[in-house]
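Listed below, chain by chain, are the residues.
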Amino acid sequence: MLSFEMNDRKKIGLGLTGFGVFFSFLGIVFFFDKGLIAMGNILFISGVALTIGLKSSLQFFMKRNNYKGTISFGAGFFFVVIGWPILGMILEAYGFVVLFSGFWPTLAVFLQKIPIIGWIFQQPFVRSFFDRYRGKRVPV
């Protein structure tokens, strides 16, 4: 098993990703403020690029299976920037789900190991939902 080396670049990338999610959340709370949403998108994309590396992120976004999500996310970002934040956020949400759907198995294992929340995710009806996606490779 490979260890996850946490260097300064990855720490900064995770921080930028977190701030991107935070600013996007603030943009939604403040009635789809296009400035906050656009800043959140820029921080999120740059954080992902720093966390997994520029080459890996370009390979991830340009993979044939991810074209639909990449185009949808990019079009949503464009609509946010030109002033249509609601349509842009709908397109971005769809693109985000399509792009990062391969991470659900990893997220399920992580959630099952959290002390209180893990009990909920270890219940048979929830576990059967996550077991459908078990064994699929993470797309990075």
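Computed from a predicted structure; not experimentally measured.

Enquirer: Could you give an account of the side chain of Gln 112, naming the residues involved and the relevant values?
Expert: Along the chain, the position of Gln 112 falls in helix 6 (residues 104-112). Overall, Gln 112 belongs to the buried group, its relative accessible area being 10%. At a separation of 3.3 Å, a polar atom in the side chain of Gln 112 contacts the main-chain carbonyl oxygen of Phe 121.

Enquirer: Please set out a nonpolar patch on the surface residue by residue, giving values where relevant.
Expert: The grouping of Phe 78, Val 81, Ile 82, Trp 84 and Leu 87 at the surface amounts to a nonpolar patch, some 500 Å² of accessible area in total. Looking at the nonpolar patch element by element, the count peaks at 3 residues for helix 4 (residues 67-82).

Enquirer: Please provide a residue-by-residue account of unusual backbone geometry, values included.
Expert: Even without being glycine, Phe 31 reaches a positive phi, approximately 55 degrees. Within the fold, Phe 31 resides in the loop between helix 1 (8-29) and helix 2 (34-52). Not every positive phi belongs to a glycine, and Phe 32 is a case in point at roughly 55 degrees. Relative to the helices and strands, Phe 32 is located in the loop between helix 1 and helix 2.

Enquirer: Break down the packing of helix 1 against helix 2 for me, citing the residues and quoting the values.
Expert: Following both chains from N to C, one finds helix 1 and helix 2 inclined at 160 degrees, their axes separated by 7 Å at the closest point. Judged by the inter-axis angle, helix 1 sits roughly antiparallel to helix 2. The element helix 1 and its partner helix 2 pack so that their crossing is left-handed. The class makeup of the residues in the contact of helix 1 with helix 2 is 16 nonpolar, 10 polar and 2 charged.

Enquirer: Give me the lowdown on the nonpolar core, citing residues and values where you can.
Expert: Counting 7 residues, the largest nonpolar core consists of Phe 44, Val 48, Phe 60, Phe 61, Phe 73, Leu 99 and Phe 100. Those elements that place two or more of their residues in this core are helix 2 and helix 3 (54-61).

Enquirer: Break down the packing of aromatic side chains for me, citing the residues and quoting the values.
Expert: Tallied over the entire structure, the rule returns 10 aromatic pairs. Within the aromatic cluster, the residues linked to one another by ring pairs are Phe 44, Phe 60, Phe 61, Phe 96, Phe 100 and Phe 103.

Enquirer: Describe the packing of helix 2 against helix 4, with residues and values.
Expert: With their axes 9 Å apart at the nearest point, helix 2 and helix 4 run at an angle of 145 degrees to one another. Judged by the twist between their axes, the crossing of helix 2 over helix 4 is left-handed. Together, Lys 34, Ile 37, Ala 38, Asn 41, Ile 42, Phe 44 and Ile 45 of helix 2 and Phe 73, Phe 77, Val 80 and Val 81 of helix 4 make up the contact between the two elements. Classifying every residue of the contact of helix 2 with helix 4 gives 9 nonpolar, 1 polar and 1 charged.

Enquirer: Describe in detail the domain arrangement of the chain, supporting the description with residues and values.
Expert: Each domain of the chain was delimited in the assignment, giving domain 1 (8-101) and domain 2 (103-135). Relative to domain 2, the C-alpha centre of domain 1 lies at a distance of 25 Å.

Enquirer: I'd like a description of helix 6, backed by residues and values.
Expert: Every buried residue belonging to helix 6 is among Pro 105, Ala 108, Leu 111 and Gln 112, and all of these are buried. For helix 6, the buried positions fall inside an angular range of 125 degrees around the axis, keeping them on one side.

Conventions used here
- Residues numbered from 1 in each chain as written.
- Predicted model: local features only at pLDDT ≥ 70, side-chain atom pairs only at ≥ 80, totals over all residues.
- Heavy atoms only, no water.
- Helix = DSSP H or I, 4+ residues; strand = E, 2+ residues; numbered from the N terminus.
- Buried < 20%, exposed > 50% of the residue type's maximum accessible area, 1.4 Å probe, protein only.
- Polar contact = N/O pair within 3.5 Å; in protein donor to acceptor, adjacent residues only side chain to side chain.
- Patch = residues over 30% accessible without salt bridge, like charges linked within 9 Å, V, L, I, M, F, W, Y side chains within 5 Å.
- Areas by Shrake-Rupley, 256 points an atom, 1.4 Å probe, with all protein chains shown as cover.
- Salt bridge = Lys/Arg side-chain N within 4 Å of Asp/Glu carboxyl O.
- Axes fitted to C-alpha atoms, helices over the stretch in contact; angles between N-to-C directions.
- Parallel < 35°, antiparallel > 145°, perpendicular 65-115°, else oblique.
- Left-handed = near helix turned anticlockwise from the far one by under 90°.
- Nonpolar A, V, L, I, M, F, W, Y, C, P; charged D, E, K, R; others polar.
- Core = buried A, V, L, I, M, F, W, Y, C linked by side-chain atoms within 4.5 Å.
- Phe/Tyr/Trp six-rings, centres within 6.5 Å; stacked < 30°, edge-to-face > 60°.
- Contact = heavy atoms within 4.5 Å.
- Domains from an automatic or database assignment.
- Arc of directions from axis to C-beta.

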